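Each chain is listed here by its residues.
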Amino acid sequence: MGSTIIEREQELAELAAAAKEAMAGDGSVVLIAGEAGIGKSSLVNALPSVLPPETRILVGYCDDLATPRVLGPLRDLMGDVGRALTEALESGDRGRVSDALRAELDWPEHPTVLVVEDAHWADEATLDVLRFLVRRIASLPAVLVITYRDVELTRNHPLQQLLGLASGTPRLRRLRPARLSADAVRRLGAHTELDAAQVFSVTSGNPFFVAEVLASGDVGGVPRSVAEAVDA
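What comes next is a walk through the structure. (Residues numbered from 1 in each chain as written. Predicted model: local features only at pLDDT ≥ 70, side-chain atom pairs only at ≥ 80, totals over all residues. Heavy atoms only, no water.)

## With respect to empty space enclosed by the protein
Then comes step 1: Counted according to the given criterion, the structure contains one cavity of 30 Å³ or more.
Then comes step 2: Each pocket or cavity is described by its volume, and for the largest cavity that value is around 60 Å³.
Then comes step 3: Tyr61, Cys62, Asp63, Leu65, Pro68, Arg69, Gly72, Pro73, Trp121, Ala122 and Asp123 together form the lining of the largest cavity.
Then comes step 4: Of the residues assigned to the lining of the largest cavity, the class counts are seven nonpolar, one polar and three charged. (1 Å grid on protein atoms, 1.4 Å probe; cavity = no way out; pocket = protein on both sides within 12 Å on 5 of 7 lines; lining within 4 Å. Points joined across faces, edges and corners; volume = space filled by probe spheres on them. Nonpolar A, V, L, I, M, F, W, Y, C, P; charged D, E, K, R; others polar.)

Printed below as a string of structure tokens:
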């Protein structure tokens, strides 16, 4: 189950197209929005299978912390980026980080896909750097992919300004993965003895819930992993 991803062909094709455009120097932004468990991270994990071989993928994560990590998702890139960006991140200076990140992504004919996961939890410094990047991404051989839970965004949420800026970029793709169909649930559960229709009914096609119910082998109860995730 962990490596199975279906009914996401259109989203993966859009991401592949963005990377091909970036190879020609036409950078873009891809926004992946949806509820928890809908498969945003699964799309990110599947990216290497559809991108040109010259493409570099950098992934950073925002965390649900009481005290957010300053520049947290960008610090996750340390070890996979050049010295200038590493030193800028170590300094914590937002201006230096912004300039160094822009330079890091300016690698002609070798596009970079920069993914920031769970941006609804991003700290202010990260949002500042991303706003800087979004206004300049069109001229870079790069794709900025931002995943977030739109159901958690209030009107005054800090992420809203970044999303507004992204709306003004020349090349913007908005992806909203749908819940799985009944047929998809049937295919995923073909190796089990569970009633696929019942699995679909109790999960409403949420990929995470489907995977956990199938893994538990019991469609009549709520798997502990699901209960704990919902409580969290």
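## With respect to the packing of helix 4 (residues 83-91) against helix 5 (residues 94-105)
Then comes step 1: Where helix 4 contacts helix 5, the axes come no closer than 9 Å and their chain directions differ by 160°. It follows from the interaxial angle that helix 4 and helix 5 lie roughly antiparallel. The handedness of the crossing between helix 4 and helix 5 comes out as left-handed. Two secondary-structure elements touch here, helix 4 through Ala84, Leu85, Glu87, Ala88, Leu89 and Ser91 and helix 5 through Arg96, Val97, Ala100, Leu101 and Glu104.
Then comes step 2: Per-class residue counts for the contact of helix 4 with helix 5 are seven nonpolar, one polar and three charged. (Axes fitted to C-alpha atoms, helices over the stretch in contact; angles between N-to-C directions. Helix = DSSP H or I, 4+ residues; strand = E, 2+ residues; numbered from the N terminus. Parallel < 35°, antiparallel > 145°, perpendicular 65-115°, else oblique. Left-handed = near helix turned anticlockwise from the far one by under 90°. Contact = heavy atoms within 4.5 Å.)

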